[in-house]
Each structure stands twice: as structure tokens, then as C-alpha cells.
Amino acid sequence: MVVVTPSGGPLGATVTGIDLRTPPSNDQVRAIRAAWLEHLVVAFPDQPLTSEQYLHFASTIGTPAEYPFVEGLDGNPFIIEVLKLPDETVNFGGVWHSDTVYLDQPPMASMLLAREIPPAGGDTEFANQYLAWETLAEADQQLLVDRQAQNSSAAAMSIRNTADRMSDEAASTVFESVHPAVRVHPETGRRSLYVNTAHTYGLIGLDDDQAQPLLQRVFAHQIREEFVWRLQWQVNMIALWDNRCLLHNPINDYHGHTRRMHRITLAGDRPA
């Protein structure tokens, strides 16, 4: 039986009572998706899956999609390795963000499977963007509610390391998108903030001298302590999170140690 234990924080839950090495039943998938939609991010401890089992589980939640900058594992193009080695000081995606917002159709969800973690540190923070929107100052809500945000992959290129195995050609590619600054979740119907400091650089209809102060206020508001939950990883833990209504930040506090994660992204639709 699927057992869901809420974190007690503003988002997050742990799911136990299921061994994902065996394909989950339809009832189990429905229970997992319900928990995920309610808690935004769910963690599954003690899941020593092969790549094939991991990809099969991901496929029960959504449609795996290839990441535009990093090639997948040999024989598994939908699984990329997120790796920081002991001699490196920069981690992959080490800033608050929602994955690949610079794409026309950003992913619905992301999943990580922890293969190797440092003896301490390497946690991931998640921030609830439903709450961030609902508690934003009314004047800023009015400025954002029907406004489109400009996003780019260019800034994200500064937060990568050699372990990303990114070719020079890939690194020089820039993706641009325009999406609502406040999006409506297609499954829950709730509004959430949909800008982030890693990718969002402008707001349609506002000059920079208007847009930048507003964005900086919003960026600071999005990650207030009362919106944040911190996930402590364990080897063989899977985390599944909803890119449509949260931000995440991998903490870079484990220099001298290896952190090796396998990531799958699940295709989404165009934000509205």
C-alpha cells in the first residue's frame, strides 16, 4: 500500500510502501500522482532501480523528454547524469530555478535518482510558488497577473561544470521563450509565480528600469523561508517534483566529494 507522509513544511512528502523495481499498478500510480499534485515534490527512499526500471517508472507519470544540453547515458537518451566531482567547485544548476523555462514547452516534472552522495551536504531546497503568488504584495500581483516574462538559457551556462559533458556547440546554443509570469496549473487550476532568477530577464510591456526592480522583489519573495522545504538525499532515493509550481536549488556545500544523480525530465505543455 502506498503510504504518503507529509513533510510538515510548505510542500514535500515521502512515499513508502512501494517497491518501484516492480511496475506500479494503476491504483498505485493514481495515489502517487495525487500525492505529487498535493505536495508538489515527493521522495521515494530505498529504490535501487536499474536505468530501465527507473525509466519505466518515469513513463507511468509522464512522457520522458531529452534534455537539450547534455547527452543521455549510453543506451538511455532520456537519463542524464548530474555529476560533481571532488576537484570541482561549481555544481550543475546551482541557483534557484524551474527547469528549462527557456523552452517553448518546459517540462511538466523532473526526477532525480541519487546514485552517489557526499557524506554530508548536497541537499536540494524546494520553494512553493503557489504560496509565493498568494502572499505577494497586491500591487506586484497587479503588475504581473496578465504579463508575459522573457526567459533565456544564456545565464544558465555560467552554472555548469566540466562533468556536464557539454560540447562547445551545445554550450553556445541559446534558447529564448516568452511565458506568463503567473501561470495556471493545468491539473490543479491554481495560480503560481512562473519567473526565476536563473532564466527570467525581462517583462513584456515594461522597460528595464520598471521591470528589473519588480523582478528583484519577486525573486527575493519567491524563496522566503516559509515557502521552502529542504530534502536530504539518501543513496537510491528518487525525488519527483512539479516544475509548474515550484522552484528548486541544489546546495553546493560538499567540495571534495562526489555527488552523482540520474535525472529524467517529463514533457510538459505550453504554460498558460
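This text gives an overview of the structure that appears in the document. All figures in this text were calculated on a predicted structure; none of them were measured in a lab.

### Details of the pattern of salt bridges
Then step 1. In this structure the tally under the stated criterion is 15 salt bridges.
Then step 2. Close ionic contact of R30 with D27 constitutes a salt bridge, the shortest N to O distance being 2.2 Å. Remark: D27 and R30 occur in helix α1 (residues 26–39); sequence separation between them is 3 residues, near one turn of the helix.
Then step 3. Taking relative accessible area as the criterion, D27 reaches 54% and is therefore assigned exposed.
Then step 4. Of the charged contacts, one joins D104 and R270 as a salt bridge, the two residues approaching to 3.8 Å between their closest N and O atoms. Separated by 166 residues along the polypeptide, D104 in the loop between β5 (80–84) and β6 (109–116) and R270 in the segment after β16 (259–266) bring together distant segments of the chain.
Then step 5. Exposure remark for D104: the relative accessible area of 48% places this residue in the partly exposed category.
Then step 6. A network of salt bridges, in which partner residues are shared, links R33, E187, D242 and R244.

### Observations concerning the side chain of H185
Then step 1. Among the secondary structure elements, H185 is positioned in the loop between β10 (182–184) and β11 (191–193).
Then step 2. For H185, a relative accessible area of 2% translates into the label buried.
Then step 3. Separated by 2.8 Å, the side chains of H185 and D242 make a polar contact.
Then step 4. A polar side-chain atom of H185 sits 3.4 Å from a polar atom in the side chain of R244.
Then step 5. Contacts of H185, omitting those with residues within four sequence positions, involve L37, Y130, R190, D242, R244 and C245.

### With respect to the sheet that holds strand β7 (residues 124–128)
Then step 1. Spatially, the 3 strands line up as an open sheet ordered β13-β7-β15, and their pairing is antiparallel. Each edge of the open sheet carries a strand with a single partner, namely β13 (228–231) and β15 (246–250). Pairs of neighbouring strands in the sheet enclose a mean axial angle of 20°, with direction left out of account.
Then step 2. Of the pairings in the sheet, the one linking β7 to β13 comprises 4 bridges and is antiparallel in character. Its bridge partner being in β13, T124 is matched across the sheet by L231.

### Observations regarding the sheet that holds strand β12 (residues 200–203)
Working definition: the strands of a sheet are paired by backbone hydrogen bonds and lie parallel or antiparallel to each other.
Then step 1. In spatial order, the strands read β9-β8-β12; together these 3 strands make up an open sheet with antiparallel pairing. The open sheet has two free edges, formed respectively by β9 (176–180) and β12, since each of these has just one partner strand. Averaged over all adjacent pairs, the angle separating strand axes in this sheet is 30°, with direction ignored.

### Some details on α1
Then step 1. The end-to-end C-alpha distance of α1 is 20 Å, a good match for the 20 Å that 14 residues give at a rise of 1.5 Å each.
Then step 2. What α1 keeps buried is the set V29, I32, R33, A35, W36 and H39. End-on, the buried residues of α1 take up no more than an arc of 160°, which puts them together on one face. Relative to its buried face, α1 has exposed residues pointing more than 90 degrees away, namely N26, D27, R30 and E38.
Then step 3. In this structure, the buried side of α1 is in contact with β1 (3–6), β2 (13–16), β3 (41–44), α2 (51–61), β6 and β14 (238–242).

Reading guide: rules and limits
- Residues numbered from 1 in each chain as written.
- Predicted model: local features only at pLDDT ≥ 70, side-chain atom pairs only at ≥ 80, totals over all residues.
- Heavy atoms only, no water.
- Salt bridge = Lys/Arg side-chain N within 4 Å of Asp/Glu carboxyl O.
- Helix = DSSP H or I, 4+ residues; strand = E, 2+ residues; numbered from the N terminus.
- Buried < 20%, exposed > 50% of the residue type's maximum accessible area, 1.4 Å probe, protein only.
- Polar contact = N/O pair within 3.5 Å; in protein donor to acceptor, adjacent residues only side chain to side chain.
- Contact = heavy atoms within 4.5 Å.
- Pairing = 2+ DSSP bridges.
- Axes fitted to C-alpha atoms, helices over the stretch in contact; angles between N-to-C directions.
- Expected span 1.5 Å × (residues − 1).
- Arc of directions from axis to C-beta.

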